[in-house]
Amino acid sequence: MRVAMIGTGYVGLVSGACFADFGHTVTCVDKDASKIDRLRQNIMPIYEPGLDDLVATNVKGGRLAFATDGAEAIRSADAVFIAVGTPSRRGDGHADLSYVYAAAEEIADLMQGFTVVVTKSTVPVGTGDEIERIIRERRPDAEFAVVSNPEFLREGAAIGDFKRPDRVVVGTDNERARAVMAELYRPLNLNETPIMFTGRRTSELIKYAANAFLAMKITFINEVADLCEAVGADVQQVARGIGLDNRIGSKFLHAGPGYGGSCFPKDTLALVRTATDAGAPVRLIETTVAINDARKQAMADRVADALGGDLKGKTVALLGLTFKPNTDDMRDAPSLDVAPALIARGATVQAYDPEGMEEAAKLLDGVVFKSGPYDAVEGADVAVILTEWNQFRALDLDRVKLLLRQPVMVDLRNVYRPDDMKARGFRYTSIGRPDHAA
């Protein structure tokens, strides 16, 4: 099948490359000429394990191409995917749909024959109706169907998630569109992947409800971690104890500094606004958003407490800046709250991240970026693990201790064991665990 993918951001590029790998002919379209030039040279705009090889293989195989002008690709496409950004609108938290609607107008003017227009972008309930209205208004004669097909990709594991998903959700009541979508995803039949066909509005809500639930689960275990600290319990054991219950499950029960990234903060806010506008407020999610915002800001207090409360003249080493490992995504990362708060208290902040420093440099003023973890901790009064990159899981702790001015570590990801760190002579603080062996 012939596919046009509008947008070469995280979702568009991964989805386009994976559809091409399924055997479809895909053109990824983006108005950013420099991005398209770099993609043609196999230079990825994002860090995602395996993506450069996947793109190179399918470009070489003639199944994947990149263009700034989508006219030819849209005219010949069986399906046109809208995979543009839907950032939170400043001021009110609503999803900004201007890029989505602009793409719909462009598709309307160019499409020929029956075309399935698919929203891959995360959009509020009812957006598909508005896209349909826009296209119908511009092309009353056109044969088309608007379909919702939300993505459920985890950054750092996106290719595997696309090729081996838990489920594929398709929102349409149009039988011709249903046949096209079934054919697009037919390669997944080998894995017996459930493909769930539902109404378009239901599909749109499934995406928001899924992300809101996961954000709530993270926030729940973070609150339990605070309780564990107050009563002398171990949050990792509590998480394991409840996670072994199949009704609950073990995923997203890792206490830490709060969730970030391109999806959870944006989507929880958008769901709150959608629900409020519909007269059916989602109080659990409203509270989740408030707790998470406060938690990220409070992490600087933990660092200060580890150094006796005063950070003036102190040097803090931050290990990890991205919101999670295996990505260069800095969007809503806890480091964006923690680093400025430390600097405001008078600390010098030196930091290292394996992939995120180029992006972090645009967002964090006053941070000294270092070439590696040992370079970052040298001369610091405290080492803070903010992102659980694999290379921070097996640090030479004796070397770290020698390089630090004081043997102090604040582990906001519970990478190390309290009893082991104590035995090595560290003053060690983590999240939701007693400072001795459980």
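Counting starts from 1 at the beginning of each chain's written sequence and moves along it residue by residue. Confidence filtering applies because this is a predicted model: local features only for residues at pLDDT of at least 70, side-chain atom pairs given and counted only at 80 or more, and all residues used for totals across whole chains, interfaces and linings. The side-chain numbers reported here are obtained from all heavy atoms of the structure, hydrogens and water having been left aside.

## So, the side chain of Glu 151
Strands are runs of DSSP state E lasting at least two residues, helices are runs of H or I lasting at least four, and both sets are numbered from the N terminus onward. Turning to its location among the elements, Glu 151 is positioned in the loop between strand 6 (144-148) and helix 7 (158-163). At a separation of 2.9 Å, a polar atom in the side chain of Glu 151 contacts the main-chain amide nitrogen of Leu 153. Contact between two residues is taken to exist if any of their heavy atoms lie within 4.5 Å; hydrogens are not considered. Here Glu 151 is in contact with Val 11, Lys 120, Thr 122, Lys 207 and Cys 263, once residues within four sequence places are set aside. Any N or O atom pair separated by 3.5 Å or less is treated as a polar contact, with the protein-specific requirement of one donor-capable and one acceptor-capable atom, and with residues adjacent in sequence counted only for side-chain atom pairs.

## With respect to the pairing of strand 7 (residues 168-171)
The side-chain alternation of strand 7 yields two buried faces, one formed by Val 168 and Val 170 and the other by Val 169 and Gly 171. Two strands pair under a simple rule: DSSP has to find at least two bridges between them. Across four bridges, the pairing between strand 7 and strand 8 (residues 195-198) is parallel. Pairing of Val 168 across the sheet is with Ile 195, part of strand 8. Looking down the strands as they point away from you, a crossover is right-handed if its path from the first strand over the helix to the second goes clockwise. Remark: the strand 7/helix 8 (residues 175-184)/strand 8 crossover connection has right-handed handedness. Relative accessibility under 20% of the residue-type maximum defines a buried residue, over 50% an exposed one, and the middle range a partly exposed one, all with a 1.4 Å probe and only protein chains included.

## As for the pairing of strand 5 (residues 115-119)
Taken across its five residues, strand 5 has five buried, putting it largely inside the fold. Here strand 5 shows no split at all, with Thr 115, Val 117 and Thr 119 on one side and Val 116 and Val 118 on the other all buried. The sheet contact formed by strand 4 (residues 79-82) and strand 5 spans four bridges and is parallel. Directly across from Phe 81, in strand 5, lies its bridge partner Val 118. In the classification by handedness, the crossover that spans strand 4, the intervening helix 5 (residues 98-110) and the parallel strand 5 is right-handed. In terms of strand pairing, strand 5 meets strand 6 through five bridges, oriented parallel. Along strand 6, the bridge assignment pairs Val 116 with Ala 145. The β-α-β motif built from strand 5, the intervening helix 6 (residues 127-138) and the parallel element strand 6 has right-handed crossover chirality.

## Considerations on the pattern of salt bridges
Salt bridges are counted wherever a side-chain nitrogen of Lys or Arg sits within 4 Å of a carboxyl oxygen of Asp or Glu. Counted by the stated rule, this structure contains 29 salt bridges. The salt bridge partner of Arg 345 is Asp 301, with a shortest N-O separation of 2.2 Å. Of this pair, Arg 345 sits in the loop between helix 13 (335-344) and strand 10 (348-352) while Asp 301 sits in helix 12 (residues 283-306), and the two are 44 residues apart along the sequence. Asp 301 gets classed as partly exposed once you look at its relative accessible area, which sits at 34%. Measuring nitrogen to oxygen at the nearest pair gives 3.3 Å for the salt bridge that ties Asp 419 to Arg 417. In this structure Arg 417 comes out as exposed when scored by relative accessible area, which is 56%. Salt bridges linked by common partners bring Asp 129, Glu 132, Arg 200 and Arg 201 together as one network.

## Points about the nonpolar core
The set of buried Ala, Val, Leu, Ile, Met, Phe, Trp, Tyr and Cys residues whose side-chain atoms join them within 4.5 Å is what this entry labels a nonpolar core. Leu 318, Leu 342 and Tyr 416 are the most contacted members of the largest nonpolar core, which has 59 residues in total. If one sorts the elements of this core by residue count, helix 12 sits on top with five residues. Setting aside residues no more than four positions away along its own chain, Tyr 416 makes contact with Ile 385, Phe 392, Arg 393, Ala 394, Leu 395, Leu 397, Met 409, Asp 411, Met 421, Tyr 428 and Arg 433. Residues Phe 19, Ile 46, Phe 162 and Leu 184 belong to the second largest nonpolar core, which totals 42 residues.

## Here's the deal with the packing of helix 11 (residues 264-277) against helix 12
Here helix 11 crosses helix 12 at 145 degrees, and the two axes come no closer than 9 Å. Read as a crossing pair, helix 11 and helix 12 show a hand that is left-handed. Between helix 11 and helix 12, the residues in contact are Thr 268, Leu 269, Leu 271, Val 272 and Thr 276 and Ile 285, Glu 286 and Val 289, respectively. Only C-alpha atoms enter the line fits that serve as axes; for helices the fit covers just the stretch in contact. Angles between N-to-C directions range over 0 to 180 degrees. Should the near helix be turned counterclockwise from the far one by less than a right angle, the crossing is left-handed, whereas a clockwise turn marks it as right-handed.

## Quick notes on the UniProt feature "domain: UDP-glucose/GDP-mannose dehydrogenase C-terminal" (unreviewed entry) in the protein chain
UniProt positions are given in the numbering used here, feature names are shortened, and annotations may be inferred rather than shown by experiment. The positions UniProt marks with the feature "domain: UDP-glucose/GDP-mannose dehydrogenase C-terminal" (unreviewed entry) are residues 317-418. End-to-end, the C-alpha atoms of residues 317-418 are 19 Å apart, and along that stretch the chain is 29% helix and 19% strand.

## A few points about helix 11
Compared with an ideal rise of 1.5 Å per residue, which puts 14 residues at 20 Å, helix 11 spans 20 Å between its outermost C-alpha atoms and is within 8% of the ideal. Along helix 11, the positions that sit buried rather than exposed are Phe 264, Pro 265, Lys 266, Asp 267, Thr 268, Ala 270, Leu 271, Val 272 and Ala 275. For helix 11, the secondary structure elements touched by its buried residues are helix 9 (200-231) and helix 12. Backbone geometry just after helix 11 places Gly 279 at a positive phi near 75 degrees. Multiplying 1.5 Å by the helix residue count minus one yields the expected span of that helix.

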